[in-house]
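# Survey of secondary and tertiary structure
Residues per chain, in single letters:
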Amino acid sequence: MNDDSNTISRRTFLRYTASMAAMAGLSTVLPTYAFANLEDRDILTPQGPDNVVDLTIGKMSKVIDGKEGEAIGINGTVPGPIIRLKEGEDVLLRVKNELDEETSIHWHGIILPFQMDGVPGVSFDGIAPDSTFEYRYPVKQNGTYWYHSHSGLQEQLGHYGPLIIDPAGEDPVEYDRDYPIVLSDWTFENPYRVLANLKKSEGYYNYQKRTLGEFFKDAKKKGMGNALKDYLSFGKMGMSATDLADTTGAMYTYLLNGRGPQSNWNALFKKGEKVRLRFINASAGSIFDVRIPGVKMTVVQADGQNIKPVPIDEFRIGIAETYDVIVEPDDNQAYTIFAESLDRSGYARGTLAPKEGMEAPVPELRPRPTRSMKDMGMDMDMGDMDMKMDSGHNHMNMDGGAMKMKMDNPKPPVKHGPDGHGIGAAAIAQNQFDRLHEPGIGLGNDGRDVLVYNDLKSLNPNIDERDAEREVELHLTGNMERYMWSFDGKQFHEVEGPIDFKHNERLRLTLVNDTMMEHPIHLHGMWMELENGNGQYNPRKHTLLVQPAQRISALITPRDKGRWAFHCHILYHMEMGMFRVVQVSDENGSIY
Amino acid sequence: MRQLSKFLSAVFLMILFMSNNTAVAQKAPEFSNDLLMDNKTYTYIIADKLEYQSMPGPNPVMWEVQGYIGKDLHKFWFKSDGEIVTTHDETELEFQGLYSRAISRYFDLQAGIRYDLIYEGNENLSRGFAVIGFQGMAPYFFEVDGGLFISEKGDISASFEAEYDLPITQRLIGQPLIETSVAFQDVPEYGIGSGINDIELGFRLRYEIEREFAPYIGVNWERKFGKTADMYNDPSSLSLLGGLRMWF
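What you are looking at is a predicted structure, and each value in this text was computed from that prediction instead of being measured. (Residues numbered from 1 in each chain as written. Chains lettered and ligands numbered in written order. Predicted model: local features only at pLDDT ≥ 70, side-chain atom pairs only at ≥ 80, totals over all residues. Heavy atoms only, no water.)

Take the overall build of chain B next. In terms of helices and strands, chain B carries two helices and 13 strands. Here the contacts in chain B between residues at least 6 apart in sequence split such that 43% fall between residues at least 24 apart. (Helix = DSSP H or I, 4+ residues; strand = E, 2+ residues; numbered from the N terminus. Contact = heavy atoms within 4.5 Å.)

Rendered as structure tokens:
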């Protein structure tokens, strides 16, 4: 009851601030950190002896680059407010639902009791309209994370926000300023309509298909024979070389801290300062390639975990991943933070500047790449080509004087087993490649130093030194033509029960991507120690961006019993069945 | 009094403590695999052709409409095509209602019934068929559709259609098409002779203003063969056409 009166006053307050913002001529309701002067007072921190954070989920209107849309906001903003917690504290996050449908918040990447994980139907009942759910958990980690709805397609409407946890001890990362950079995708279309369009017409949002003109261009470049061979080999399998993303810039405006490319977001710095940028990809369907022309970035954290610093020019951030970088701009000038969508159909941008309102040149979008035979897992002699590309890459590193050592010793390709995964799988990767040293499609061949998964080396050793006792292999499968997505050819509605993990066992999870698209695979409630050859320093991740035809593995120790969601973080792939429940139980089969 | 209030507050604290505990110890929902939208029913209707043809003699308005209601692997599919010659009070239409089941990655097997109607002046001709067919995407992106028909009198015939989408630009799409039908016996009252009845070659050029809404122009060439051709004055025809492709 007390709660209700609080909420009403808060709501009135929000309305008031919103109208104030409108009066001040601001075009949109944004979280306060979206304004140039980001100060500590704009951040939600736990209050009172119980460490309470209050959040209210509600409908709101949001203006993106001058156009108004209907959004779902948290405390009246999109993205939601920065929640800043402290490692070692118990927190109480009260989430009030003012929507007329069920909602939820999932604390992405947080290790907590599963009842607090926030997945309706898996770990709790969801938050009914007009009710409040109390999330209580001890904060046992630090770093950059985020939170978002796990109900329907709410996430696409703006229901997400950054979550930052300060370390209990000293932060190994030194910085003078600190900005979360929330990348996301916004559509004015109803997301349920988006899903129906994809279901009825494959490639609905792809306005970058290969055309007749492109064929002749390719023929001129590669020779008629080669071009024809390439086009025909895709055609033979009924696959498209331009299947880069299902949802594209044709429907999306890409946002940086809630602002479209026209409404330039500013981060301020003084020359000589170390600025920490906490990149969070909160998109429903967009993978971004991020760079700041003129500035070298040093990656210090991945998925909230400190890593040995890696200096780079560019990184790819999968949906739901986070990367923290340190930049030290040399000059008193503006620099563009440029995040291009993987399919090059648009970009999000902001500006790092010594003064408010400054702008720097915005780079051109690079040409859209095309999928290769290797992405289709075909039996082709690609070894040579890889070697050439990699050595070129290293050569450039040396030229640039970078001290970085790349581990370019990929494991040999693995052949696919006899299971074709049925109708749900349009293809299988006959050859599964290591690919941990590959930056991914469209990257790494223009002289820039790009982060690869092999670069990620944990700052602190992993505790569990055991080797895997058991292996679970799952194949990522899909049929783009029918818009069905699944694991091992089975959509979620077809499975009989959860995947069983044993409490405290040491497990190897192997993921094989049988599709020709990237899938960011997220496991709730436990870390995946990516096996990238660094032994005890293998990086701990909550989300693995799996490349086409890639075979990737991670070691897992399920320390918390319960039921955990496991899914592709492309929202539409998850909803179309690329989802499983993982059950961690003790030897008696109990999850409590 | 004091004792009582102490007792009450102790009880209150206990309840508070317990409720705090239950928040953490609450039971998880029973496992269910009905949490997502991956088993939803969709409805789709497409007027692939809705056009006016200009040819020597009567100029027909022609349509080819189909659609489904159903899930990924099981659907009810309907197809209708036909033409109306507005100047001559002539109508020819065909309707199929089919159960459609996914049998491979890109193909559905379909079975059901077909109903034909020819209306000319005051004369009315109709017949029913049993249908078995297939529909899907063949290698190299050919959309194909074929059916075998057995009429209520036992006559057997078959039809086959293939089309291809060729993007010239992202919105300008060329669509070559081939259609043919075969009969295994003569059915003179319907203008059908045994053997290959006809071959139709078409090319349509559409502009997708929206994916769902595309006006087009095109040409269509049709030739009748064998005994079927004998029943017509002019066994081949060439027509220019204009129309609209729509779906929702």
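On we go from here.
Residues and elements named next belong to chain A. Under the criterion given, the structure shown has 54 salt bridges over all chains. The closest approach of N and O atoms between Lys-541 and Glu-321, which form a salt bridge, is 2.5 Å. In this pair, Lys-541 sits in strand β28 (residues 540-541) while Glu-321 sits in the loop between β16 (314-317) and β17 (322-327), placing the two residues 220 residues apart along the sequence. The burial state of Lys-541 is the same as that of Glu-321; both residues are buried. The partner of Glu-505 in a salt bridge is Arg-470, and the shortest N-O contact between them spans 2.9 Å. One end of the pair, Glu-505, is in the loop between β24 (499-502) and β25 (507-513); the other, Arg-470, is in strand β22 (residues 470-479), and 35 residues separate them in sequence. (Salt bridge = Lys/Arg side-chain N within 4 Å of Asp/Glu carboxyl O. Buried < 20%, exposed > 50% of the residue type's maximum accessible area, 1.4 Å probe, protein only.)

The next thing to look at is a negative patch on the surface. Among the surface-exposed residues, Glu-170, Glu-174, Asp-176, Glu-328, Asp-330 and Asp-331 of chain A lie close enough to one another that they form a single negatively charged patch. Structurally, Glu-328 of chain A can be placed in the loop between β17 and β18 (335-341). (Patch = residues over 30% accessible without salt bridge, like charges linked within 9 Å, V, L, I, M, F, W, Y side chains within 5 Å. Areas by Shrake-Rupley, 256 points an atom, 1.4 Å probe, with all protein chains shown as cover. Lys, Arg positive; Asp, Glu negative; His and termini not counted. Charge placed at Lys NZ, Arg CZ, Asp CG, Glu CD.)

Before going further, it helps to spend a moment on the packing of aromatic side chains. Counting across every chain of the model gives 31 aromatic pairs over all chains. Judged by centre distance (4.8 Å) and plane angle (75°), the rings of Phe-133 of chain A and Tyr-135 of chain A are edge-to-face. We note that Phe-133 of chain A, like Tyr-135 of chain A, is buried. With 5.5 Å between their ring centres and 65° between their planes, Phe-215 of chain A and Phe-216 of chain A make a pair best called edge-to-face. The exposure class of Phe-216 of chain A is partly exposed, given its relative accessible area of 47%. Lying across the ring of Phe-149 of chain B, Arg-114 of chain B places its NZ or CZ 4.4 Å from the centre. Across the ring face of Tyr-190 of chain B, the terminal group of Arg-127 of chain B is positioned such that the distance to the ring centre comes to 4.1 Å. (Phe/Tyr/Trp six-rings, centres within 6.5 Å; stacked < 30°, edge-to-face > 60°. Lys NZ or Arg CZ within 6 Å of the ring centre and 35° of its normal.)

All right, on to the packing of helix α3 (residues 212-222) of chain A against helix α4 (residues 224-237) of chain A then. Residues and elements named next belong to chain A. In the contact formed by α3 and α4, the axes pass within 6 Å of each other and the chain directions differ by 130°. By the angle class used here, α3 and α4 are oblique. You can see that α3 and α4 cross each other, and the crossing is right-handed. Contacts between α3 and α4 involve Glu-214, Phe-215, Phe-216, Asp-218, Ala-219 and Lys-222 from the first element and Met-224, Asn-226, Ala-227, Leu-228, Asp-230 and Tyr-231 from the second. (Axes fitted to C-alpha atoms, helices over the stretch in contact; angles between N-to-C directions. Parallel < 35°, antiparallel > 145°, perpendicular 65-115°, else oblique. Left-handed = near helix turned anticlockwise from the far one by under 90°.)

Right, let's get into the interface of chain B and chain A. Counting residues at the interface gives 45 residues for chain B and 66 residues for chain A. Per-residue buried area on chain B facing chain A is highest for Phe-31, Arg-105 and Arg-211 of chain B; these three make up 16% of the total on that side. Inspection of the region where chain B meets chain A yields three salt bridges. Residue Arg-193 of chain A is joined to Glu-212 of chain B by a salt bridge in which the shortest nitrogen-to-oxygen separation is 3.0 Å. Our count for the chain B to chain A interface comes out at 29 residue pairs in polar contact (both at pLDDT 80 or more). (Buried area = accessible area lost by both parts, 1.4 Å probe. Polar contact = N/O pair within 3.5 Å; in protein donor to acceptor, adjacent residues only side chain to side chain.)

A few words on the confidence of the model for chain A. Residue and element names in this part refer to chain A. Predicted confidence across chain A gives a mean pLDDT of 90, with 88% of residues reaching 70 or more. Long-range and interchain partners of residues 1-28, a stretch whose pLDDT sits below 50, account for 17 contacts in this model, where long-range means more than four residues apart. With pLDDT under 50 throughout, residues 35-41 is counted as low confidence; its partners more than four residues away or in other chains account for 15 contacts. (pLDDT = per-residue confidence, 0-100.)

The subject of this paragraph is the nonpolar core. Ranked by internal contacts, the top residues of the largest apolar core, which has 149 residues, are Trp-107, Tyr-135, Tyr-137 and Leu-277 of chain A. Setting aside residues up to four positions removed in sequence, Tyr-137 of chain A forms contacts with Leu-85, Glu-89, Asp-90, Val-91, Leu-93, Trp-107, Ile-110, Leu-112, Pro-113 and Met-116 of chain A. With 14 residues, the next largest nonpolar core counts Met-373 and Ala-426 of chain A together with Phe-107 and Ala-162 of chain B among its residues. (Core = buried A, V, L, I, M, F, W, Y, C linked by side-chain atoms within 4.5 Å.)

In this section: the confidence of the model for chain B. All names here are of chain B. Counting all residues, the mean pLDDT for chain B is 89, and 90% of those residues have values of 70 or more. Under a pLDDT of 50 for its full length, residues 16-24 has, in the predicted model, seven contacts with residues more than four places off or in other chains. Note on the complex model: pTM 0.90, ipTM 0.89.

A few words on the sheet that holds strand β19 (residues 347-353) of chain A. All names here are of chain A. The sheet built from five strands is open, its strands ordered β11-β19-β18-β13-β16 with mixed pairing. Every interior strand has two partners, whereas the edge strands, β11 (265-268) and β16, have only one. When the angles between neighbouring strand axes are averaged without regard to direction, this sheet yields 25°. Judged from the four bridges that link them, β11 and β19 form a sheet pairing that is parallel. By the bridge assignment for β19, Leu-268 is matched with Ala-353. (Pairing = 2+ DSSP bridges.)

Below, the discussion takes up the environment of Pro-369 of chain A. Residue and element names in this part refer to chain A. Of note, Pro-369 is situated in the loop between β19 and α5 (383-399). Sequence separation between Pro-369 and Val-584 is 215 residues, and the spatial gap between their C-alpha atoms is 41 Å. The residues contacting Pro-369, other than those within four sequence positions of it, are Leu-244, Leu-342, Arg-344, Ile-441 and Gly-442.

Further remarks concern empty space enclosed by the protein. Residue and element names in this part refer to chain A. The tally for this structure, following the rule as stated, stands at eight cavities of 30 Å³ or more. Taken as a whole, the largest cavity encloses approximately 170 Å³ of empty space. Its residues placed into classes, the lining of the largest cavity shows seven nonpolar, three polar and five charged. Surrounding the second largest cavity, 16 residues form its lining, Leu-244, Ala-245, Asp-246, Gly-285 and Ile-287 being those nearest its centre. Each residue belonging to the lining of the second largest cavity can be placed in one class, and the counts come to seven nonpolar, six polar and three charged. (1 Å grid on protein atoms, 1.4 Å probe; cavity = no way out; pocket = protein on both sides within 12 Å on 5 of 7 lines; lining within 4 Å. Points joined across faces, edges and corners; volume = space filled by probe spheres on them. Nonpolar A, V, L, I, M, F, W, Y, C, P; charged D, E, K, R; others polar.)

All names here are of chain B. There is a patch of nonpolar side chains on the surface, built from Ile-103, Leu-109, Ile-132, Phe-134, Leu-148, Ile-150, Ile-156, Phe-160 and Phe-184 and spanning about 770 Å² of accessible area. Going through the elements one at a time, β6 (123-138), β7 (142-151) and β8 (156-163) are the ones with two or more residues in the nonpolar patch. Structurally, Phe-160 can be placed in strand β8.

Residues and elements named next belong to chain A. As for its position among the elements, Pro-191 is in helix α2 (residues 191-200). Counting along the chain gives 381 residues from Pro-191 to Tyr-572, while the straight-line C-alpha distance between them is 9.1 Å. Setting aside anything within four residues of it in sequence, one finds Pro-191 in contact with Leu-153, Gln-156, Leu-157 and Tyr-572.

Residue Pro-79 of chain A is bonded to the preceding Val-78 of chain A through a cis peptide linkage, with omega at -5°. Its place among the elements puts Pro-79 of chain A in the loop between β2 (67-74) and β3 (83-86). One non-glycine residue, Arg-344 of chain A, lies in positive phi territory at about 60°. Counting through the fold element by element, Arg-344 of chain A comes out in the loop between β18 and β19. A positive phi angle, near 65°, is found at Phe-141 of chain B, a position not held by glycine. The topology assignment puts Phe-141 of chain B in the loop between β6 and β7.

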